[in-house]
Amino acid sequence: MAGLRETIGKRVLKNKLKSFHRETRVHNFKTAESAVILFDAQKENAFKIIWEFRGFLKDKGINCTIYGYVNQKEVPPDMLFWKDLYIINRSNLNWFLQPGGEAAELYKKENPDLLIDFNTAYRLEIQFLVQLSPASFKIGCFTDEKNDYDLMIKLSEDNRMAYLSEQFKHYISMLNPVSE
């Protein structure tokens with residue numbers, strides 16, 4: 001059934017994208033005013049790395065909201081009550097894996113300059129969020145799957161989230177957006 005759910009989910013996402021439009025614009029840490037971070041909240045040391053990256057963005061004057069995904073029915077208690085952190089869990093997914101619920105509704109209202117996806121594996125649940133986001137500039141890990149990233153970082157098997165964080169900092173800093 002899981003394969004069928006994902007196949008139907010991909011088709012639903014594809015249909016939603018037909019009527020979806022976003023304005024793309026390259027941003028670096030000097031031009032961005034807001035950012036959304038997506039991450040797998042169950043990865044080892046994820047909170048530490050994400051919180052450090054959030055601090056880095058805050059130091060640059062960028063407003064930041066964080067959305068984590070937990071592949072279980074309940075949100076673990078240690079993930080509750082963090083400022084600017086919202087968790088989407090398996091209970092928030094519909095039959096074809098599209099996120100719903102309070103955190104997903106808040107996410108849909110976001111219109112950030114940067115969307116930074118720390119997920120290292122392709123998950124349809126996350127792709128609903130990434131591809132239907134109106135973010136001006138989307139950054140994530142390289143994947144052969146259909147995606148909506150404007151900048152992708154290729155990782156080897158042994159690279160971790162901390163390495164990805166450093167790569168995001170390095171490459172986004174190098175970008176030189178065209179002035180309008």
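Residues numbered from 1 in each chain as written. Predicted model: local features only at pLDDT ≥ 70, side-chain atom pairs only at ≥ 80, totals over all residues. Heavy atoms only, no water.

*Asks:* Go over the overall build of the protein, please, and point to the residues and values.
*Replies:* When helices and strands are tallied, the protein shows five helices and six strands. Its helices and strands taken in sequence order, the protein reads α-β-α-β-β-α-β-α-β-β-α from the N to the C terminus. Principal-axis analysis of the C-alpha atoms places the extent of the protein at approximately 45 × 40 × 35 Å. Put simply, the protein has 180 residues, and 46% of those count as buried. Counting 25 positive and 24 negative side-chain charges, the protein places the averaged centre of each group 4 Å from the other. (Helix = DSSP H or I, 4+ residues; strand = E, 2+ residues; numbered from the N terminus. Buried < 20%, exposed > 50% of the residue type's maximum accessible area, 1.4 Å probe, protein only. Lys, Arg positive; Asp, Glu negative; His and termini not counted. Charge placed at Lys NZ, Arg CZ, Asp CG, Glu CD.)

*Asks:* So what's going on with the sheet that holds strand β5 (residues 137–141)? Residues and values would help.
*Replies:* Ordered by their spatial adjacency, six strands build an open sheet running β3-β2-β1-β4-β5-β6, and the pairing between neighbours is parallel. Strand pairing shows two members of the sheet lacking a second neighbour, β3 (85–89) and β6 (151–153), which therefore form its edges. Strand-to-strand twist of the sheet, defined as the mean angle between neighbouring strand axes without regard to direction, takes the value 15°. Helix α2 (residues 46–59) rests against β1 (34–40), β2 (63–70), β3 and β4 (114–117) of the sheet, and its axis sits at about 170° to β1. Together, β1, β4, β5 and β6 form the strand contacts of helix α5 (residues 161–174), whose direction differs from that of β6 by roughly 140°. (Pairing = 2+ DSSP bridges. Axes fitted to C-alpha atoms, helices over the stretch in contact; angles between N-to-C directions. Contact = heavy atoms within 4.5 Å.)

*Asks:* I'd like a rundown of a nonpolar patch on the surface, residues and numbers included.
*Replies:* There is a patch of nonpolar side chains on the surface, built from L4, I8 and W95 and spanning about 270 Å² of accessible area. Considering the arrangement of structural elements, one finds I8 in helix α1 (residues 2–18). (Patch = residues over 30% accessible without salt bridge, like charges linked within 9 Å, V, L, I, M, F, W, Y side chains within 5 Å. Areas by Shrake-Rupley, 256 points an atom, 1.4 Å probe, with all protein chains shown as cover. Salt bridge = Lys/Arg side-chain N within 4 Å of Asp/Glu carboxyl O.)

*Asks:* Could you give an account of the packing of aromatic side chains, with specific residues and numbers?
*Replies:* Under the definition given, this model contains nine aromatic pairs. Where F53 meets F168, the ring centres are 6.5 Å apart and the plane angle is 70°; that geometry is what we call edge-to-face. Separated by 115 residues along the polypeptide, F53 in helix α2 and F168 in helix α5 bring together distant segments of the chain. Side by side, F53 and F168 carry an identical accessibility label, which is buried. Counting every residue linked through ring pairs, the aromatic cluster contains F29, F53, F56, F118 and F168. (Phe/Tyr/Trp six-rings, centres within 6.5 Å; stacked < 30°, edge-to-face > 60°.)

*Asks:* So what's going on with a positive patch on the surface? Residues and values would help.
*Replies:* A contiguous patch of positive charge on the surface is contributed by R11, K14, K18 and K146. Relative to the assigned elements, K18 resides in helix α1. Overall, K18 belongs to the exposed group, its relative accessible area being 64%.

*Asks:* Any details on the packing of α2 against α5? Residues and values, ideally.
*Replies:* Where α2 contacts α5, the two axes come as close as 9 Å, and the packing angle between them is 15°. One finds that α2 runs roughly parallel with respect to α5. Between α2 and α5 lies a crossing of right-handed hand. Contact residues: A46, I49, I50, E52, F53 and F56 in α2; M161, A162, S165, F168 and K169 in α5. By residue class, the composition of the contact of α2 with α5 is eight nonpolar, one polar and two charged. (Parallel < 35°, antiparallel > 145°, perpendicular 65-115°, else oblique. Left-handed = near helix turned anticlockwise from the far one by under 90°. Nonpolar A, V, L, I, M, F, W, Y, C, P; charged D, E, K, R; others polar.)

*Asks:* Would you mind going over the pattern of salt bridges in detail, with residue names and values included?
*Replies:* One pass over the structure, following the stated rule, counts eleven salt bridges. Here K138 and D148 are joined by a salt bridge, their closest N and O atoms 2.5 Å apart. Pair noted here: K138 is in strand β5 and D148 is in the loop between β5 and β6, with a separation of ten residues, a long-range link. Accessibility expressed as a relative area gives 0% for K138, which makes it buried. Under the relative-accessibility criterion, D148 is labelled partly exposed at 21%. For E166, the salt bridge identified is with K169, shortest N-O distance 3.5 Å. Of this pair, E166 and K169 both sit in helix α5, three residues apart, which is roughly one turn of that helix. Relative accessible area serves as the criterion here: at 44%, E166 is assigned to the partly exposed category. Relative accessible area serves as the criterion here: at 11%, K169 is assigned to the buried category. Within this structure, R22, K138, D148 and D150 form a network of salt bridges that share partners.

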